[in-house]
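Residue-level structure breakdown
Listed below, chain by chain, are the residues.
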Amino acid sequence: MKNFALIGAAGYIAPRHMHAIKDTGNRLAVAYDVNDSVGIIDSISPESEFFTEFERFLEHGYKLKRDVATALNYVSVCTPNYLHHSHIAAGLRLGCDVICEKPLVPTPEMLDELAAVEKETGKRVFNILQLRHHAAILKLRDTVAAASKDTKFDVELTYITSRGKWYAESWKGDPRKSFGIATNIGVHFYDMLHFIFGKLQQNVVHYSGESKAAGYLEYEHARVRWFLSIDANDLPDEVKGKKSTYRNIDISGEQLEFSEGFTDLHTTSYKEILAGRGYGLEDARHCIETVNVIRTAKIAVMGADAHPYAKRLRT
């Protein structure tokens, strides 16, 4: 049984990590968050220590190192995006391997810095890339791999997930902390596209705003028009008033259906990491490079490669 620490225990995604730790037969020894709304711990790991000050959490972690039975083996990071780098580095320097949510870090340079800390400490960083474990995505990847080498699929990716006024007031609405819409909600899809269709060959941005972004990505085996939004006004008419989220991935006229099968993907990710098959820094590099370019690219003139929803916007 491994001893885990969790940084960011009050966040939306933290319960999935708590369940994954428990479901893999391990122990959540200590948790930290500046927010004390962490009652979820009672139903999962009521014996866990909890701190709201990082200094006290860190000191406790160092004390646990004195006994091999209590020493922390892993630190799971579920904090706001802009804190990932410093919390990952702190976990490594505690003598732990680290498991972190996406986006791991915002830039390739910060990824290189984490690689240096890995080398200094002899510990590893693992990124939760859970869509790589989804059955429908694995099946599509096999289909693409079986196609002729010069095949390029035409893909249209639309993801609209409505958010209320709270979003703009939270860290997610601050581009200095979330790194923008494309990074915060798009990084999952960019990793998925790379995993299925190979290396990225072209990255064009057609629109970039506070609530939506759009562009064109060309991979070895796909041409992708993408549109991401948190604005409910972008929902298709047939969805408005019925659902707050619309997700559609069309691949050469066929729909990729993966609305189900998400329940246990974090647990699967943990099982793979614990078995020595986790996704590390270099596995995450491709999607980090993709979002870094999207954030800094000049807006291109829309042409035939623009997503239909993007064409309705004024740049």
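Refer to the preceding data block for the structure.
What you are looking at is a predicted structure, and each value in this text was computed from that prediction instead of being measured.

On to the packing of helix α6 (residues 135-146) against helix α10 (residues 187-197). Helices that pack against each other are described as a pair by the angle of their axes relative to one another and the distance between those axes. Relative orientation of the contacting elements α6 and α10 amounts to 40°, with a least axis distance of 8 Å. Taken together, the axis directions place α6 and α10 in an arrangement best described as oblique. Within the contact between the two elements, α6 uses I137, L138, L140, R141 and V144 and α10 uses M192, F195, I196 and F197. Tallied by class, residues from the contact of α6 with α10 come to eight nonpolar, no polar and one charged.

Looking now at the sheet that holds strand β1 (residues 3-7). The strand order across the open sheet built from six strands is β3-β2-β1-β4-β5-β6, with neighbouring strands paired in parallel fashion. Looking along the sheet, the strands with just one partner apiece sit at the ends: β3 (49-51) and β6 (125-127). In this sheet, adjacent strand axes meet at a mean angle of 20° when their direction is disregarded. Packing against the sheet, helix α4 (residues 84-93) makes contact with β1, β4 (74-77), β5 (97-100) and β6, and its axis sits at approximately 155° to β5.

A few words on the state of the cysteines. One pass over the structure, following the stated rule, counts zero disulfides. C100 forms no disulfide, and the closest cysteine sulfur to it belongs to C78, at a distance of 7.6 Å. Considering cysteine sulfurs only, C100 is the nearest to C287, which forms no disulfide, with 11 Å between them. Residue classification places C287 among the buried residues on the basis of a relative accessible area of 2%.

Conventions adopted
- Residues numbered from 1 in each chain as written.
- Predicted model: local features only at pLDDT ≥ 70, side-chain atom pairs only at ≥ 80, totals over all residues.
- Heavy atoms only, no water.
- Axes fitted to C-alpha atoms, helices over the stretch in contact; angles between N-to-C directions.
- Helix = DSSP H or I, 4+ residues; strand = E, 2+ residues; numbered from the N terminus.
- Parallel < 35°, antiparallel > 145°, perpendicular 65-115°, else oblique.
- Contact = heavy atoms within 4.5 Å.
- Nonpolar A, V, L, I, M, F, W, Y, C, P; charged D, E, K, R; others polar.
- Pairing = 2+ DSSP bridges.
- Disulfide = S-S within 2.5 Å.
- Buried < 20%, exposed > 50% of the residue type's maximum accessible area, 1.4 Å probe, protein only.

Function-wise, these values are silent; they only describe arrangement.
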